[in-house]
Amino acid sequence: MDLGECTKIHDLALRADYEIASKERDLFFELDAMDHLESFIAECDRRTELAKKRLAETQEEISAEVSAKAEKVHELNEDIGKLLAKAEQLGAEGNVDESQKILMEVEKVRAKKKEAEEEYRNSMPASSFQQQKLRVCEVCSAYLGLHDNDRRLADHFGGKLHLGFIQIREKLDQLRKTVAEKQEKRNQDRLRRREEREREERMGRRSGSRNRDRRRSRSRDRRRRRSRSVSRERRKSRSRSRERDRHRRHRSRSRSHSRGHRRGSRDRSSKHKKEVWTIRK
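The sections below set out a description of the structure shown in this document. Values in this document were obtained by computation on a predicted structure and should not be read as measured data. (Residues numbered from 1 in each chain as written. Predicted model: local features only at pLDDT ≥ 70, side-chain atom pairs only at ≥ 80, totals over all residues. Heavy atoms only, no water.)

**With respect to the overall build of the protein chain**
Turning to step 1, where the next piece is worked out: The helix and strand inventory of the protein chain stands at 7 helices and 2 strands.
Turning to step 2, where the next piece is worked out: For the protein chain, the succession of helices and strands along the chain, N to C, is α-α-α-α-α-β-β-α-α.
Turning to step 3, where the next piece is worked out: Taking all 281 residues of the protein chain together, 21% fall into the buried category.
Turning to step 4, where the next piece is worked out: Long-range contacts, defined as pairs at least 24 residues apart, comprise 71% of the intrachain contacts of the protein chain with a sequence gap of at least 6. (Helix = DSSP H or I, 4+ residues; strand = E, 2+ residues; numbered from the N terminus. Buried < 20%, exposed > 50% of the residue type's maximum accessible area, 1.4 Å probe, protein only. Contact = heavy atoms within 4.5 Å.)

**Description of the state of the cysteines**
One way to say it: the disulfide is the covalent bond shared by the sulfur atoms of two cysteines.
Turning to step 1, where the next piece is worked out: Summed over the entire model, instances satisfying the criterion amount to 0 disulfides.
Turning to step 2, where the next piece is worked out: Cys 140 takes part in no disulfide bond, and the closest cysteine sulfur to it belongs to Cys 137, at a distance of 3.7 Å.
Turning to step 3, where the next piece is worked out: When its relative accessible area of 3% is taken as the criterion, Cys 140 is described as buried. (Disulfide = S-S within 2.5 Å.)

**Observations regarding the pattern of salt bridges**
Turning to step 1, where the next piece is worked out: Under the criterion given, the structure shown has 10 salt bridges.
Turning to step 2, where the next piece is worked out: For Arg 15, the salt bridge goes to Glu 19, with nearest N and O atoms at 3.5 Å. In this pair, Arg 15 and Glu 19 are both assigned in helix H1 (residues 12-24), 4 residues apart and thus about one turn of the helix distant.
Turning to step 3, where the next piece is worked out: By relative accessible area, Glu 19 is classed as partly exposed at 39%.
Turning to step 4, where the next piece is worked out: Where Arg 169 meets Asp 45, a salt bridge forms, and the shortest distance between an N and an O atom there is 2.9 Å. Taken together, the residues span a long stretch of sequence, with Arg 169 in helix H7 (residues 160-280) and Asp 45 in helix H2 (residues 29-58) at a distance of 124 residues.
Turning to step 5, where the next piece is worked out: Given the relative accessible area of 22%, Arg 169 is considered partly exposed.
Turning to step 6, where the next piece is worked out: What you see here is one network of salt bridges that share partners, running through Glu 38, Asp 173 and Arg 176. (Salt bridge = Lys/Arg side-chain N within 4 Å of Asp/Glu carboxyl O.)

**Section: the nonpolar core**
Turning to step 1, where the next piece is worked out: Met 34, Ile 41, Cys 140, Phe 165 and Leu 172 are the most contacted members of the largest nonpolar core, which has 16 residues in total.
Turning to step 2, where the next piece is worked out: Mapped by element, the contributors of at least two residues to this core are H2, helix H6 (150-157) and H7.
Turning to step 3, where the next piece is worked out: No other element matches the 5 residues that H2 contributes to this core.
Turning to step 4, where the next piece is worked out: By size, the runner-up hydrophobic cluster in this structure holds 15 residues, among which are Ala 70, Leu 76, Leu 83 and Ala 116. (Core = buried A, V, L, I, M, F, W, Y, C linked by side-chain atoms within 4.5 Å.)

The following block contains the structure:
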């Protein structure tokens, strides 16, 4: 599978900048990477299913028992190929002892494979056994033969294509876990912010209600003070009115008394004058 040249920029400095920036805030590039790898793996799985369908149409039908024996041979072939690839990798790294141990395990698996092939050969006619039975690799969608030798199996399971798909699938599983954790954290943060906002709104409504009650109380106090002031003014006005009335009555009585006194004086003076006049006569 040739994907061509990558269109992305691969720069160690940019990677370092991203790692530093991702510690300060969540850029959520993992979601884009997960979507890209999911589309890539989905295409590989689609090709695998298509290859299986083609093999089912072209290859000769066999019974379930024979198919199970062939499947066992395929599994042992995969085990041999994986062990040989691992042994070669350890030998290249200089770990000769571990490589020799794995080669000893390969010999044991080869013995099991020989027995499985005998069972499979005995369950089929010679003409059918000579037909090459193929199988599709579930990891990279490549074709594997039932009678492939160890060298070809080692080349396949230790090849860049197969190992690359293994890394992609492992990375995809890791990204799915990371994205799920971040989405859960984001949902929790969103839920916490919503609860805080609702709490602030409730506190704001309570504060607004208290402010309205306070304003109403102050308004009632002002009305009461205003009413008391008006009542005092009215009482003062009535008191001044009564005071003026008393003053008027007092002045009226004073004037009446003064007029009576002057009238009496004039009468007495007049009487006195008459008496004097009479005497003179």
